Amino acid sequence: MQAAVEGAIRAVLAACSALSILTTAGIIGVLAFETLAFFQEVSLWNFLTDTQWTPLFAEKHFGILVLASATFLTTAIAVAVALPIGLMAAIYLSEFATERVRRVIKPILEILAGIPTVVYGYFALLFVTPLLKHLLPSISGFNALSAGLVMGVMIIPLVSSLSEDALYAVPQSLRDGSYALGATRVQTATRVVVPAALSGIVASFILAISRAIGETMIVAIAAGQSPRLTLDPLVPVATMTAYIVQVSLGDVPTGTLEFKTIFAVGMTLFLLTLGLNILSHRFVMRYRQKYE
Amino acid sequence: MTSRPTTFRGATGGRRLRDRAFEIAGLACTLFGLVVLATLVIDVLVDGLPRLSWQFLTSFPSRKPEEAGILSALVGSIWLMGLTAVFAFPVGLATAIYLEEYAEPGRLQRLIEINIANLAGVPSIIYGLLGLEIFVRVMHPITGGRSVLAGSLTMALLVMPIVIIASREAIRAVPESLRLGGLALGATRWQVIRTLVLPAALPGVLTGTILALARAVGETAPLITMGALTFIAFLPELGLQGLQSPFTVLPIQIFNWVSRPQAGFHVNAAAGIIVLLALLLAMNAAAVLLRNLFQARRAG
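Keep in mind the model is a prediction, meaning the values are calculated, not measured. (Residues numbered from 1 in each chain as written. Chains lettered and ligands numbered in written order. Predicted model: local features only at pLDDT ≥ 70, side-chain atom pairs only at ≥ 80, totals over all residues.)

1. Points about the overall build of chain B
Assigned secondary structure in chain B consists of 13 helices and 0 strands. Taken from the N to the C terminus, the helices and strands of chain B come in the order α-α-α-α-α-α-α-α-α-α-α-α-α. Here chain B has a C-alpha radius of gyration of 26 Å; the compact-globule value for 300 residues is 19 Å, and the former is much larger. Long-range pairs, those at least 24 residues apart, make up 76% of the contacts in chain B between residues at least 6 apart in sequence. (Helix = DSSP H or I, 4+ residues; strand = E, 2+ residues; numbered from the N terminus. Rg over C-alpha atoms; globule rule 2.2 N^0.38 Å. Contact = placed C-beta atoms within 7 Å.)

Quick look at the structure:
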């Protein structure tokens, strides 16, 4: 009796943990199913090479490059903000700040990652864009620049926290050796500690890029919803995520080609972020092996 | 020629200066994020605080910004939070118990672990597509379509990795001696877990669950994708019927107001953001309080 109860409990617990596998299978299954249906009507070649994206118009074009260019643009701007600032903050917290400063500032910095993205969207559209208008009068009300800058701030803690963990894990003996050779703190930090923690830092960079690609609300609110193939940060664009939001808000009947496009776009997004996450994981494993 | 000491001092002076300059640059970068955070909060408070009133909290959305309120969004967020907890907490905790207390280290365990790590990195909007297909379309007879039940199930899947990871850490922190003591007294594995491990790990598990729910309350994209409505002028019935009711939540209401051109709605959005941030602050405070309480009890 006792053994039967124990066995049943074990089975229930195992079933629950299988749910996570089921979730992954569900995501891949749903995306693959609808994407295949999509490609029965639109050729993969057109999807990858067409330079227009107009699924909601009478004359339909399905060039993912249009949406991908906007995603690339906003991500590049965000990364240009988050990587240098995040890394500098990580070096400061790990190598220069006192233990007390570190303990206080790190959690506060992480609040940035906990603010809902819709709030950042509000901030980008109604605070940052008007501010940019003073400097760049030609900028549109919706633009990739303001969305990218605010998204960059949002992912600073991602870079700083993970990089700081990697820097902090570098053995003290390496620093002591460097000081003994007469190096200053800057020289030790930039030429000894950072190279030693490089794989962890790179992992945080890749994760930040992945997060920026998948971010939705900031770009949907502040970057606009007009698909165009451009790298001009001052005009309205539509990222992959913003397009999914746009279709979801409208009254597109299920089962139509327009409806299937959001799954094809979702699949592209999923594959991109999955590839980056796996790559990042590889780098993390490498630095763990070195010092643990 | 012998080198003079002054030259040497000059060299260290330059090196010191560079050290100092780098340190200041690092500090500036660290403070940059905090300055933006402060600007954001002040901006929202200045815009939204004058609009915040009892009328705003207890009114339904309206075409006129000055009459609109967030009642249906606030109630929807609370429904979503409660239901997400009902699904995510038991399943997340059970997964954590299995992985920590039962699973043999091996290929299957590694597969589940890598899988959970990957799920945590999937963009939230993808969960919306999953919810749309499975919970809204396939399970339509049960969920009633774009209902609060379908939304909560989607959110439960989204935050599950957070609950699992936090629960595993809490269970791992329970000292091995406690388990060995229980087993030595003749308790079965499950008795040890139920009476010794879980009570000790519970505060940590609850803290993780609250943080996961805070994430769910702030999410917008998956719910828009699965088709939550933006204009709801009624509340879900209390009871099983309510589960199948259409719903909206705070972030969606805020998004809807931000997207409108009229300045009056932007003010409403700011006021809505204050309510949302206050809710999140309260949840985080609860999580911290719980953690401190737990640590104090352990120390005492």
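2. Observations concerning the overall build of chain A
A count of helical and extended segments in chain A gives 12 helices and 0 strands. Starting at the N terminus and ending at the C terminus, chain A contains elements arranged as α-α-α-α-α-α-α-α-α-α-α-α. Restricting the contact set of chain A to residue pairs at least 6 apart, pairs at least 24 apart contribute 74%.

3. Re the domain arrangement of chain A
Residue and element names in this part refer to chain A. Partitioning chain A into domains gives domain 1 (2-40) and domain 2 (47-291). Look at where the C-alpha atoms of domain 1 and domain 2 centre, and you get two points 30 Å apart. Among the residues making up the side of domain 1 that touches domain 2, the classes are represented as 4 nonpolar, 1 polar and 1 charged. (Domains from an automatic or database assignment. Nonpolar A, V, L, I, M, F, W, Y, C, P; charged D, E, K, R; others polar.)

4. Digging into the domain arrangement of chain B
All names here are of chain B. Under the domain assignment, chain B is made up of domain 1 (5-51) and domain 2 (54-299). One C-alpha centre belongs to domain 1, the other to domain 2; they are set 36 Å apart. For the side of domain 1 that touches domain 2, the class distribution of residues is 3 nonpolar, 1 polar and 2 charged.

5. Topic: helix α12 (residues 250-258) of chain B
With respect to burial, α12 of chain B is a largely interior element, 9 of its 9 residues being buried. The set of residues buried in α12 of chain B consists of Leu250, Pro251, Ile252, Gln253, Ile254, Phe255, Asn256, Trp257 and Val258 of chain B. (Buried ≥ 20, exposed ≤ 12 C-beta atoms within 10 Å, placed from the backbone.)

6. Considering helix α4 (residues 99-114) of chain A
End to end, α4 of chain A covers 24 Å across 16 residues, agreeing with the expected 22 Å (1.5 Å per residue, within 8%). Ile105, Leu109 and Leu112 of chain A are the residues of α4 of chain A that are buried. (Expected span 1.5 Å × (residues − 1).)

7. What to know about the interface of chain B and chain A
Each partner contributes to the interface: chain B provides 60 residues, whereas chain A provides 66 residues. With 17 residues, helix α1 (residues 5-48) of chain B is the largest single contributor of residues to the side of chain B that touches chain A. Its residues assigned to classes, the side of chain B that touches chain A shows 38 nonpolar, 14 polar and 8 charged.

8. Thoughts on the packing of α4 of chain A against helix α6 (residues 144-168) of chain A
Residue and element names in this part refer to chain A. For the pair α4 and α6, the least separation of the axes is 7 Å and the interaxial angle reads 130 degrees. Viewed along their axes, α4 and α6 adopt a mutual orientation that is oblique. Note on packing geometry: the crossing formed by α4 with α6 is left-handed. Every residue of α6 that contacts α4 at Leu109, Glu110, Leu112 and Ala113 is listed here: Val153, Met154, Ile156, Pro157, Leu158, Ser160 and Ser161. (Axes fitted to C-alpha atoms, helices over the stretch in contact; angles between N-to-C directions. Parallel < 35°, antiparallel > 145°, perpendicular 65-115°, else oblique. Left-handed = near helix turned anticlockwise from the far one by under 90°.)

9. Examining the nonpolar core
All names here are of chain A. Val150 and Ala208 are the most contacted members of the largest nonpolar core, which totals 184 residues. With 20 residues, helix α3 (residues 64-96) is the single largest residue contributor to this core. Once residues within four sequence positions are removed from consideration, alanine 208 is found in contact with Val79, Ala82, Leu83, Ile155, Leu158 and Val159. (Core = buried A, V, L, I, M, F, W, Y, C linked by C-beta atoms within 7 Å.)

10. As for the environment of leucine 132 of chain B
All names here are of chain B. Following the sequence through the fold, leucine 132 ends up in helix α5 (residues 124-138). Classification of leucine 132 as buried rests on a count of 26 C-beta atoms within 10 Å. Each C-alpha atom of the pair leucine 132 and glycine 227 lies 7.3 Å from the other, and the pair is 95 residues apart in sequence. Leucine 132 has contacts with Arg137, Thr225, Met226 and Gly227, leaving out every residue within four places of it along the chain.

11. Considering the packing of α5 of chain B against helix α7 (residues 148-172) of chain B
Residues and elements named next belong to chain B. It is the contact of α5 with α7, at a shortest axis distance of 9 Å, that shows an interaxial angle of 135 degrees. With respect to α7, the element α5 is oriented oblique. Here the hand of the crossing between α5 and α7 comes out right-handed. Residue-level inspection shows Ser124, Tyr127, Gly128, Gly131, Phe135 and Val136 of α5 in contact with α7, the latter providing Ala150, Leu153, Thr154, Leu157 and Leu158.

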